[in-house]
Amino acid sequence: MTKINFNEPSRGETASGDTSFSVSNRGPGQALAGESFQGEAIRGVSHSEHGAVVGINDKSNGRGDASWFESSAGEGCHGVSHALGSAGVVGINDNPNPGSGAGVYGESKTFEGVRGVSHTYEHGAVVGVNLSQGMAGYFEGNVHVTGRITHPGADYAEALTVAAPAAVSPGMVVVLDDGGRITPCSRAYDARVAGIVSGAGGVQPAMVLDDHEGGAPIALMGKLWVLADASKAPIHCGDLLTTSATTGHACRVTDRERAFGAVVGKALTDLPSGRGMVRVLVSAS
């Protein structure tokens, strides 16, 4: 390796679009190596929209890193941004193949693999966003939470297998068939009632247990909207609701003895007559 020693500060400058200082090594060694005993070994400063230091690996086959940072006493890589809306560190993997690699990967032998800290109440320390309607977060292992978990959804549900998917939609009252699958109710005071399909009125469930293909979320507890028929009896806030003869609809309980084992919830809104949607409270008791 050829060394170039600078006994005093040295600077290369050009006013053209060319590089002011270029080093090339066509062998197996480094093109440029910097070493310092008191300051930065290599420093890059940019006064434009371009990076101060840029590393590019154009290896077409196999694997190669564009940059590698290692420290024995501090951060391996420390990124700071003073710009509004810009991150201190950004990682992007634009390979279009599924499962090609993570944008940012963190691993630690004795501590957190990735840690996020926020000093504002409005913003999360760690935020996951999925733009393809998939999972925003995935955890393999236990999750420990010391604060509250909040969600815009209003009910707690469990998925049950649907007998005929095309016949079941959010807000419907469903019952069990002989195979343990769910189907819309079709008679009053049906003791085989399974519950109400969550998701009507634009309100999604906060949590779904055993979510699986061919299943529909059935509310176990919380508030949701249900299809209701008040043709025979008006529904008022506080009324108990049960299955009705109108397919997939609930109706007001008028016979408490027949309603035993067939109640789906308690009305939170009124429906004076006809068919419509009623907000209902489903409880575990």
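Above this note sits the structure.
Residues numbered from 1 in each chain as written. Predicted model: local features only at pLDDT ≥ 70, side-chain atom pairs only at ≥ 80, totals over all residues. Heavy atoms only, no water.

Novice: Would you explain a nonpolar patch on the surface in this entry?
Specialist: Side chains of F139, V143, V145 and I149 sit close together on the surface and give an oily, nonpolar patch of about 460 Å² of accessible area. Residue V143 is classed as exposed on the basis of its relative accessible area, which comes to 52%. (Patch = residues over 30% accessible without salt bridge, like charges linked within 9 Å, V, L, I, M, F, W, Y side chains within 5 Å. Areas by Shrake-Rupley, 256 points an atom, 1.4 Å probe, with all protein chains shown as cover. Salt bridge = Lys/Arg side-chain N within 4 Å of Asp/Glu carboxyl O. Buried < 20%, exposed > 50% of the residue type's maximum accessible area, 1.4 Å probe, protein only.)

Novice: Sorry if this is basic, but what is going on with the pairing of strand β6 (residues 215–229) here?
Specialist: Strand residues, when the strand is regular, have side chains that alternate between the two faces of the sheet. As judged from the seven bridges shared by strand β1 (residues 155–161) and β6, these two strands associate in the antiparallel manner. Bridging across to β6, D155 finds its partner in G222. In this structure, β6 lies alongside strand β10 (residues 275–282), joined through eight bridges in antiparallel fashion. From the neighbouring strand, A228 faces β10, where its bridge partner is G276. (Pairing = 2+ DSSP bridges. Helix = DSSP H or I, 4+ residues; strand = E, 2+ residues; numbered from the N terminus.)

Novice: Honestly, the sheet that holds strand β3 (residues 182–184) in this entry has me stumped. Any pointers?
Specialist: Within a sheet, each strand pairs with its neighbour through backbone hydrogen bonds, oriented either parallel or antiparallel. If you walk across this open sheet you meet the three strands as β3-β2-β4, and the pairing is antiparallel. The sheet terminates laterally at β3 and β4 (193–196), the two strands that pair on one side only. Neighbour-to-neighbour, the strand axes of this sheet turn through a mean angle of 35°, independent of strand direction. Pairing between strand β2 (residues 173–176) and β4: three bridges, direction antiparallel. Residue pairing for β4: V174 is matched across the bridge by G195. (Axes fitted to C-alpha atoms, helices over the stretch in contact; angles between N-to-C directions.)

Novice: How do you make sense of the nonpolar core when you look at a structure like this?
Specialist: Grouped burial of nonpolar side chains is what soluble globular proteins tend to show. Membership of the largest hydrophobic core comes to 19 residues, with the highest contact counts inside it found for V173, I196, V226, I235, L241, V264 and V278. Contributing elements (two or more residues each) for this core: β2, β4, β6, β9 (263–267) and β10. If near-sequence neighbours (up to four positions away) are discounted, V226 is found in contact with G171, V173, I196, L241, A250, G276, M277, V278 and V280. In terms of nonpolar packing, the next biggest core, distinct from the first, is built from nine residues, V174, I182, V197 and A216 among them. (Core = buried A, V, L, I, M, F, W, Y, C linked by side-chain atoms within 4.5 Å. Contact = heavy atoms within 4.5 Å.)

Novice: What's the story with the side chain of H249 in this structure? I'm lost.
Specialist: Positionally, H249 belongs in the loop between β7 (240–243) and β8 (250–252). Overall, the relative accessible area of 11% leaves H249 in the buried class. Among residues more than four places away in sequence, those in contact with H249 are V173, C185, L227, A228, D229, T242, T243, S244 and R275.

Novice: I would appreciate a short explanation of the state of the cysteines in the present structure.
Specialist: Throughout this description, disulfide means a covalent bond between two cysteine sulfur atoms. Going through the model one piece at a time under the given rule, you end up with zero disulfides. Its sulfur unpaired, C185 is 8.2 Å from the next cysteine sulfur, which belongs to C251. (Disulfide = S-S within 2.5 Å.)

Novice: What should I look at first to understand the side chain of D177 in this one?
Specialist: With respect to the helices and strands, D177 occurs in the loop between β2 and β3. Engagement of the side chain of D177 in a polar contact is seen with the backbone nitrogen of G179, the distance being 2.9 Å. Residues within four places of D177 in sequence aside, it is in contact with A163 and R192. (Polar contact = N/O pair within 3.5 Å; in protein donor to acceptor, adjacent residues only side chain to side chain.)

Novice: Is there a simple way to explain the environment of Y121 in this structure?
Specialist: As for its placement among the helices and strands, Y121 is situated in the segment before β1. Between the alpha carbons of Y121 and M221 there is a distance of 29 Å; along the sequence they are 100 residues apart.

Novice: What exactly am I supposed to notice about the layout of surface pockets here?
Specialist: Vacant regions in the atomic arrangement are exposed by a probe of water-molecule size rolled over the atoms. Of the pockets and cavities examined, the second largest pocket occupies roughly 1700 Å³. Every residue lining the second largest pocket is counted, 31 residues in all, and those nearest its centre are A136, G137, F139, V143 and I149. Looking at side-chain class alone, the lining of the second largest pocket contains 15 nonpolar, 13 polar and three charged residues. (1 Å grid on protein atoms, 1.4 Å probe; cavity = no way out; pocket = protein on both sides within 12 Å on 5 of 7 lines; lining within 4 Å. Points joined across faces, edges and corners; volume = space filled by probe spheres on them. Nonpolar A, V, L, I, M, F, W, Y, C, P; charged D, E, K, R; others polar.)

Novice: Where do I start with unusual backbone geometry in this structure?
Specialist: Glycine aside, negative phi is the norm for most residues, and most peptide bonds take the trans geometry. Positive phi, normally seen in glycine, also occurs at Q133, with a value near 65°. Here Q133 is to be found in the segment before β1. With phi around 50°, D210 is a residue other than glycine that occupies positive phi space.

Novice: Any chance you could explain the pattern of salt bridges here in plain terms?
Specialist: Once the charged atoms of two side chains with opposite charge are near each other, the side chains can pair. In total, this model carries six salt bridges according to the counting rule given. A salt bridge links D229 to R275; the shortest N-O distance between them is 3.8 Å. In this pair, D229 sits in strand β6 while R275 sits in strand β10, placing the two residues 46 residues apart along the sequence. Judged by its relative accessible area of 10%, D229 falls in the buried class.

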